[in-house]
Amino acid sequence: MSVLAIGVIVHCGAHMSTDYAPHRTPGHIHLPDRRAILLHSKPVASVLLPLARSPLPARTILAMLKRTHTCGKLRADNVGKTVTLNGWVDSYRHHGRLIFIDVRDHTGITQLVFDPDQGREIHDLAATYRREDVIAAQGKVVKRQSVNEKIPTGEIEIVVGKTERLNKCAKPPILPDEARDDTGAVSEDTRLRYRYIDLRRPRMQQIIRTRHKVTQTIRNTMTAMGFCEIETPVLCKSTPEGARDFLVPCRLMPRTFYALPQSPQILKQILMMAGFDRYFQIVKCFRDENLRFDRQPEFTQLDVEMAFVEQDDVFAAFEQVIRTVWKELLSLEVGAIPRLTYEEVTNTYGSDKPDLRYGVKLFDVTAIAKKCDFRVFTSAIEGGGVIKAIAVPGAASFSRKQTDALGEWVKQFGAGGLPTTKVIAGGKLEGGIAKFVDGVSPELIATLGAGEGDLLCFAADKIDVANRVLGELRRKLAGELKLADESKWSMFWVVDFPLFLWNEEDQRWDSAHHPFCAPRPEQLHLLDTDPHKITAQTYDFIINGHEMVSGSIRIHQPEVQQKIFQLLNISDEEAKDRFGFLIEAMSYGCPPLGGFALGLDRLIMLLCRTDNIRDVIAFPKTQTGADLMMQAPASVDQKQLDELGLRLKPE
Ligand code: ASP
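The structure contained in this document is the topic of the report that follows.

Analysis parameters
Residues numbered from 1 in each chain as written. Predicted model: local features only at pLDDT ≥ 70, side-chain atom pairs only at ≥ 80, totals over all residues. Heavy atoms only, no water. Phe/Tyr/Trp six-rings, centres within 6.5 Å; stacked < 30°, edge-to-face > 60°. Helix = DSSP H or I, 4+ residues; strand = E, 2+ residues; numbered from the N terminus. Buried < 20%, exposed > 50% of the residue type's maximum accessible area, 1.4 Å probe, protein only. Lys NZ or Arg CZ within 6 Å of the ring centre and 35° of its normal. Near = heavy atom within 4 Å. Polar contact = N/O pair within 3.5 Å; in protein donor to acceptor, adjacent residues only side chain to side chain. Areas by Shrake-Rupley, 256 points an atom, 1.4 Å probe, with all protein chains shown as cover. Nonpolar A, V, L, I, M, F, W, Y, C, P; charged D, E, K, R; others polar. Pairing = 2+ DSSP bridges. Contact = heavy atoms within 4.5 Å. Axes fitted to C-alpha atoms, helices over the stretch in contact; angles between N-to-C directions. 1 Å grid on protein atoms, 1.4 Å probe; cavity = no way out; pocket = protein on both sides within 12 Å on 5 of 7 lines; lining within 4 Å. Points joined across faces, edges and corners; volume = space filled by probe spheres on them. Salt bridge = Lys/Arg side-chain N within 4 Å of Asp/Glu carboxyl O. Core = buried A, V, L, I, M, F, W, Y, C linked by side-chain atoms within 4.5 Å.

Re the packing of aromatic side chains
In step 1: Taken as a whole and assessed by the stated rule, the structure comprises 20 aromatic pairs.
In step 2: When the ring of Phe315 is compared with that of Tyr539, the centres are 4.9 Å apart and the planes differ by 90°; the resulting orientation is edge-to-face. Residue Phe315 is located in helix H8 (residues 311-330), and its partner Tyr539 is located in strand E20 (residues 538-543); the two are separated by 224 residues in the primary sequence. Across the pair, exposure class does not vary: Phe315 and Tyr539 are buried alike.
In step 3: With 4.9 Å between their ring centres and 65° between their planes, Trp409 and Phe413 make a pair best called edge-to-face.
In step 4: Among the residues examined, Trp409 registers a relative accessible area of 23% and is labelled partly exposed.
In step 5: Taken together, the aromatic side chains of Phe315, Phe318, Trp493, Tyr539, Phe541 and Phe596 make up a single cluster linked through ring pairs.
In step 6: Here the guanidinium or amino end of Arg193 rests over the ring plane of Tyr194, the centre of that ring lying 4.5 Å away.
In step 7: For the cation-ring pair, Arg278 lies above Phe227, with the distance from its terminal atom to the ring centre recorded as 6.0 Å.

This is the structure we're talking about:
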């Protein structure tokens, strides 16, 4: 063995003694001590211990058979060529004398044939190849006797003349093809635990590479428009997005904590004051919230801020991004993008982020309902409420049990129940509250534009509750009945949000977005008298019923900012403590400014047509915030706690 080979082995040995030999350095591997992350079928140590004890490979590869092509590349044109492929064993079949191995990489699969006539030694080696082993194979491209139409390389195969096992795979706990079609054959926890195998799946490769393409497209578009990418710190001070902060104790300044940024909001505003008038960043944000299917504790935004602008300028910048992404990724031209007001969408669709790929509009039928002798309606109207209704196509087939279940379901949104009735042939109503509304049925059906087979659903309540109930119901039933035309995209801006929302529970005003959103200048005088009437220069961009972008024109005068803090019940002291540096910076020359943030994970979910946010992130967290592969979060050594001056409360 050459000196070089010995060098390699010595290096290997040294490597193993630190990273892979827990029996030698027992404190080195932190096994999980949290129930939530003890989901592993096999603790890490059960793989690592035998590895550490097993002898080093007898043969160290000096010059690997390096690939000349990737595994999805070869076609009939390449017949006769000698090629080398590297990849993972996707499957193996022993057919009498011949061994067939499908070798896979991110580009596809190629069939290798091992014939004993090509050399006994390589045939014997190939007989030991098992799934997910990493191999190299060199050989001649030949035409297949029977073409495999299912794969792009199906016309050819490689008759292998040389092969090498680059690494053996321990018995794989999951296989990349078991969940290839997302049928849920493998539990998601197992996929996340062995993420490196899961990511080998073609679908995951496609998603993560799409994500790369999207970020590259965004970067190029922003740069072409004159934006400058600037990084802002991760060790930060609490930011104003309204969620719980993740805190990081500071060792050098005992008893103090950094907060991980919920967004770079304040810093991007300060960058405008610093003269960078077109900023963007593709940035991680952290919010310690209870997680839902489309939330992660750390997520990625395209964060943008612009100086010397008005709302239209910000819209133009974002529209350029979305048009380019749609063109590059989907080869689609985005047409004119409508702007709807907050009032319009909440009244018509019961939501500030409706999906407009289907109708099912909300109608105010109070005037018609007044004529009915139906206690639920009359008492709601007497109490200052309204009667609103939707007609849901195809839902007349629902059973009594189903409509009763909907009546229960709407209660979580503040409704007392859900009066319904069905439109049957001849424009007649049947079932539910039919007998109460029979007298007004032609008027009702005409107002709702309803037809045979529709289920009419009513909300009798204060306007906000009625809108919310029917908006949620509209979304739920459209999903179940698949009312949206999946070949379409629904994109629009929502503008003219209220500046404040009344918080009934705490009896105070809250910012509808965040406290730096600017009121319409002509409404500034209402700050003292009628804050609820003020419209903010705030906007959202909605795609297929998802809030994709949120942003605003910001306040740029310190006096206005202070006034808003007062209205939000943020004391001078608290404002100084939390945002003092922003107010100070504002007083040293702040240009008019505005911006937005785009939720990148959600955008990729839409482009890749998945409902699961974890599918679009290489190393995501579970709903309990755990990384099952890294086994984070984890306990830390007492020494680390001592250095930070922290003591854990007894459980
Ligand atoms: N900082 C806001 C957010 O993260 C977006 C913005 O107003 O620019 O939602």
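What to know about the site of the ligand
In step 1: All residues adjacent to the ligand are Glu241, Ser263, Gln265, Lys268, Arg287, Gln301, His514, Ser550, Gly551, Arg554, Phe596 and Ala597.
In step 2: The side chain of His514 places a nitrogen or oxygen atom 3.0 Å from an oxygen atom of the ligand.
In step 3: Between an oxygen atom of the ligand and a side-chain N or O atom of Arg554, the distance comes to 2.8 Å.
In step 4: Within the complex, 92% of the 270 Å² of free accessible area of the ligand lies under protein.
In step 5: Elements with a contribution of two residues or more to the shell around the ligand: helix H7 (265-273), strand E21 (546-553) and strand E22 (593-599).
In step 6: The residue makeup of the shell around the ligand, split by class, is 2 nonpolar, 6 polar and 4 charged.

Let's talk about the sheet that holds strand E10 (residues 298-307)
In step 1: Spatially, 8 strands are ordered E6-E9-E10-E22-E21-E20-E17-E11 in an open sheet, and the strand pairing comes out mixed. Of all the strands in the sheet, the pair left with one neighbour each is strand E6 (228-229) and strand E11 (339-341).
In step 2: Judged from the 9 bridges that link them, strand E9 (residues 278-286) and E10 form a sheet pairing that is antiparallel. Looking at E10, one finds that Phe286 is bridged to Glu298.
In step 3: Lying on the sheet, H8 is in contact with E10, E11, strand E17 (491-495), E20, E21 and E22; it crosses E20 at an angle near 15°.
In step 4: The strands that helix H19 (residues 600-607) touches are E9, E10, E20, E21 and E22; relative to E22, the one it contacts most, it runs at about 50°.

Brief notes about empty space enclosed by the protein
In step 1: Taken as a whole, this structure holds 1 cavity of 30 Å³ or more when the rule is applied.
In step 2: Volume-wise, the largest cavity comes out at about 30 Å³.
In step 3: Lining the largest cavity we find Leu192, Arg195, Phe619, Pro620, Asp627, Leu628 and Met629.
In step 4: Of the residues that constitute the lining of the largest cavity, the class distribution is 5 nonpolar, no polar and 2 charged.

Overview of the pattern of salt bridges
Think of it this way: side chains of opposite charge can pair up when their charged atoms draw near.
In step 1: Within the structure shown, the criterion is met by 38 salt bridges.
In step 2: The shortest N-O distance in the salt bridge between Arg97 and Asp117 comes to 3.0 Å. Residue Arg97 is located in the loop between strand E1 (82-95) and strand E2 (98-105), and its partner Asp117 is located in the loop between strand E3 (108-114) and helix H3 (120-127); the two are separated by 20 residues in the primary sequence.
In step 3: Among the salt bridges present, the one from Glu486 reaches Arg609, with a minimum N-O distance of 3.4 Å. Here Glu486 is found in the loop between helix H15 (463-480) and E17, whereas its partner Arg609 is found in the loop between H19 and helix H20 (638-644), with 123 residues between them in sequence.
In step 4: Taken together, the shared-partner salt bridges connect Arg191, Arg195, Asp198, Arg201 and Asp615 into one network.

Overview of the pairing of strand E16 (residues 455-461)
In step 1: For E16, the tally of buried residues reaches 5 of 7 residues, placing the bulk of the element in the interior.
In step 2: For strand E13 (residues 386-392) and E16, the ladder comprises 7 bridges, and the chain directions are antiparallel. When the sheet's bridge partners are listed, Ile387 is paired in E16 with Ala460.

Concerning the nonpolar core
Nonpolar side chains in soluble globular proteins tend to end up buried together.
In step 1: Judged by nonpolar contacts, the single largest core of 73 residues is most densely connected at Ile218, Leu302 and Leu603.
In step 2: Top element by residues in this core is H8. It accounts for 8 residues.
In step 3: Non-local contacts of Ile218, meaning those with residues more than four positions away in its chain, are made with Ile282, Leu302, Val321, Val325, Leu598 and Leu600.
In step 4: Counting 24 residues, the second-largest nonpolar core is a separate cluster that includes Ile390, Leu406, Val465 and Ala466.

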